[in-house]
Amino acid sequence: MDTKTGNTLPGGYCNSLTEYARWRTREVSIGDIPMGGDNPIRIQSMTTVDTMDTIGSVEQTIRMVEAGCEYVRITAPSIKEANNLAEIKKELRKRGYHVPLVADIHFTPNAAEIAARIVEKVRINPGNYADKKKFDQLNYTASAYQSELERIYTKFAPLVKICKEYGTAMRIGTNHGSLSDRIMSHYGDTPEGMVESAMEFIRICEDLDYHRIVVSMKSSNPQVMVRAYRLLVETMVSEGMNYPLHLGVTEAGDGEDGRIKSAVGIGTLLEDGLGDTVRVSLTEEPELEAPVAIALVNRYKSRQKEYKGNAPACKPTAYVSNEVNVFIGGTQVPRVVVDISGKNLKDPHTLTDVGYKYDPWLDKYHMGEQSVDFVYLGSTLPSFAMPGNLKQLYDYPTWRNIQDKSNIHPLFSLSQFLEATERDAHLNLVRIRYADIGTPAFEALPLDKTIIFVVETDVSHGMADQRQFFGALSELGLDNPVIIRRHYPAADFTGLLGDLTDPEEPLSKLQVYAATDMGALLVDGMGSGIWIDSPATPVDKLVSASFAILQATRSRISKTEYICCPSCGRTLFDLQETTQMIRSRTNHLKGLKIGIMGCIVNGPGEMADADYGYVGAGPGKITLYRGKEVVKRNVGTTDALDELIEIIKGDGRWIDPE
Ligand code: SF4
């Protein structure tokens, strides 16, 4: 244990894999609102209006503060915007708002050096602060690399000295998609490269005895983002550092997908006690971001405060399961289970909500990309014929009495399974908890390859509880597929849908909670299926959230993915409107990733692994990309979407919508 911080890091990147224990970071003052240490996890966001629009920036900042933002970031692309931060700050103070401001800097040390004298914090991107990125993969010899580091030192040191003198904090904010050529040449666009990119700058700060540092490792891919933050913590610890962490998933998009993608990345890290401030990036009005961040963060207020120092029961390594009946486990995609036991089981149209559209003329069902794999019916039998490829689950006593059991499987409790007089020849789903492991009932379990565990939990730190279940199975040498089931009680998730400015909004809260609880396991390769059990939530919303979680964790792709920037003062077109327009014509292209970026400040790498890019190139002008390659430059906005579709068609990746 580190006596200074109280941190122990048995799993390498967090204090405990079993109990909630926040990683204790150094406290950093940012204006009047300190971050890190024992301070609450702070909420922040970024304005989207032009920084030269003083009143627009002030009014948007106030809306963000009212929504819960504790810091507000504003872009400063050049000296004139950096100078205008003084006007924005003056007007805010005049109106009684003392929120700390953060200047967002890319490429322009001269703007940073002005902003650092005005605002409470500057954010620099180590991928482009001292480098004019050429987007080339260059080769550096050891001595050339060393002289590059010396050049960075010379360029960066003046800003550090100004921050020291003015008491200004700094975020060293790495983006997966905008690493310098130097880093790319040695590490590629990997989590290792992201971490080293920040560490180069942090080491300079330390050399200059400057420590008001916050660090981030953002990516639009939650898996990459999670790995980078974990590696960052390990690296900082090995070098005796504990700077606060700013968590975020970039270009998460909007609506349900944006919320779920953000929660998979941010929530996974929060579960392990990492993170001192959160920014949720949505392609929506910035005041809609704070409620999502608040919903994410508020869960940890009631988690155990004191870490007791238990040894971890397992490490989060992937759980490799056996494949059962060429349907679940092994290399099969994770399956989706939904409870329809309380629905109208006299009407086949009920199944529309679970992705099976009934055609009364043909008396058949049409499936889609988001058709669920299992429906749970409890003890109620439907009065219509179910689709042939939809598996039905019944409680064991009911299942036992069903005559024709084709595609019909039992759900047992552990004791029911042990005492059962009849079991299914194909799939036996058995409800279980981590606490069952090692009990006489568990010891008596016949090792049967048809068993699919349905792991449940009722402890508050449920993700870690379920993670221990996977670890324990591995230690026992078992490889049965495991479906992750989480129950969200009706009392906590009732109410209606729509007031997105409220962090307690039930649907948004459910999306965030389920994405955290299940996403944190799926990103580490655990889970052959998911079952969100939320009686108060409409079934179609449960289905949609389930598939969105699987998509965000890249474990099952069922739709087009949009990698959209949240927009900022640099944005060259209306992001929200354009995203809707592109979505309306391409949302049937399952598996395709389309980047929609307001500008090209960080190069095409910023779109991460998008297949195609639609990027603001200038007022009224769009540049279209295939991967990182420009295909058409400066296309007028009225033609750009048609041109993009032509490119997709030319590549043979277009299909006509139904
Ligand atoms: S990509 Fe979007 S959020 Fe990033 S700087 Fe450009 S307009 Fe702003």
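Note that the structure is a prediction, hence the values are computed from the model and not measured. (Residues numbered from 1 in each chain as written. Predicted model: local features only at pLDDT ≥ 70, side-chain atom pairs only at ≥ 80, totals over all residues. Heavy atoms only, no water.)

A. Inspection of the layout of surface pockets at higher detail. Approximately 790 Å³ is the volume found for the largest pocket. Around the largest pocket, the lining comprises 29 residues; the ones closest to its centre are Gly368, Glu369, Gln370, Ser558 and Asn587. Among the secondary structure elements, those contributing two or more residues to the lining of the largest pocket are strand 10 (356-359), strand 11 (364-367) and helix 15 (539-552). A total of three residues in the lining of the largest pocket trace back to one element, the largest contributor, which is helix 15. (1 Å grid on protein atoms, 1.4 Å probe; cavity = no way out; pocket = protein on both sides within 12 Å on 5 of 7 lines; lining within 4 Å. Points joined across faces, edges and corners; volume = space filled by probe spheres on them. Helix = DSSP H or I, 4+ residues; strand = E, 2+ residues; numbered from the N terminus.)

B. How the structure looks around empty space enclosed by the protein. Per the stated rule, a full pass over the model turns up five cavities of 30 Å³ or more. Secondary structure elements with two or more residues in the lining of the second largest cavity: helix 8 (255-271), helix 15, strand 19 (561-564) and helix 16 (575-586). Taken together, the residues of the lining of the second largest cavity sort by class into six nonpolar, four polar and six charged. (Nonpolar A, V, L, I, M, F, W, Y, C, P; charged D, E, K, R; others polar.)

C. Spotlight on the sheet that holds strand 7 (residues 246-247). Across the sheet, which stays open at both edges, the eight strands sit in the order 6-5-4-3-2-1-8-7 with parallel pairing between neighbours. One side of each edge strand has no neighbouring strand; the edge strands of this open sheet are strand 6 (213-218) and strand 7. Across four bridges, strand 3 (residues 101-105) lies against strand 4 (residues 121-124) in parallel orientation. Looking at the pairing, Asp104 lines up with Arg123 of strand 4. Relative to strand 5 (residues 169-175), helix 4 (residues 142-166) is tilted by about 140°, and along the sheet it contacts strand 4 and strand 5. Helix-sheet contacts for helix 6 (residues 191-207) involve strand 4, strand 5 and strand 6, and the interaxial angle to strand 6 is about 170°. (Pairing = 2+ DSSP bridges. Contact = heavy atoms within 4.5 Å. Axes fitted to C-alpha atoms, helices over the stretch in contact; angles between N-to-C directions.)

D. Representation of the site of the ligand within the structure. Cys565, Ser567, Cys568, Arg570, Thr571, Met597, Gly598, Cys599 and Val601 make up every residue found near the ligand. Looking at the shell around the ligand residue by residue, the class counts come to five nonpolar, three polar and one charged. (Near = heavy atom within 4 Å.)

E. Molecular detail of the pairing of strand 22 (residues 621-626). Here six bridges tie strand 21 (residues 612-618) to strand 22, and the two strands are oriented antiparallel to one another. Within strand 22, the residue paired with Val615 across the bridge is Thr623. Between strand 21 and the antiparallel strand that follows it, strand 22, lie two residues; Gly620 among them carries a positive phi value of about 70°. In the sheet, strand 22 pairs with strand 23 (residues 629-636) via five bridges, with the strands oriented antiparallel. Among the inter-strand pairings, Arg626 is bridged to a residue of strand 23, identified as Glu629. The turn linking strand 22 back onto strand 23 is made up of two residues, and Gly627 within it adopts a positive phi angle of 60°.

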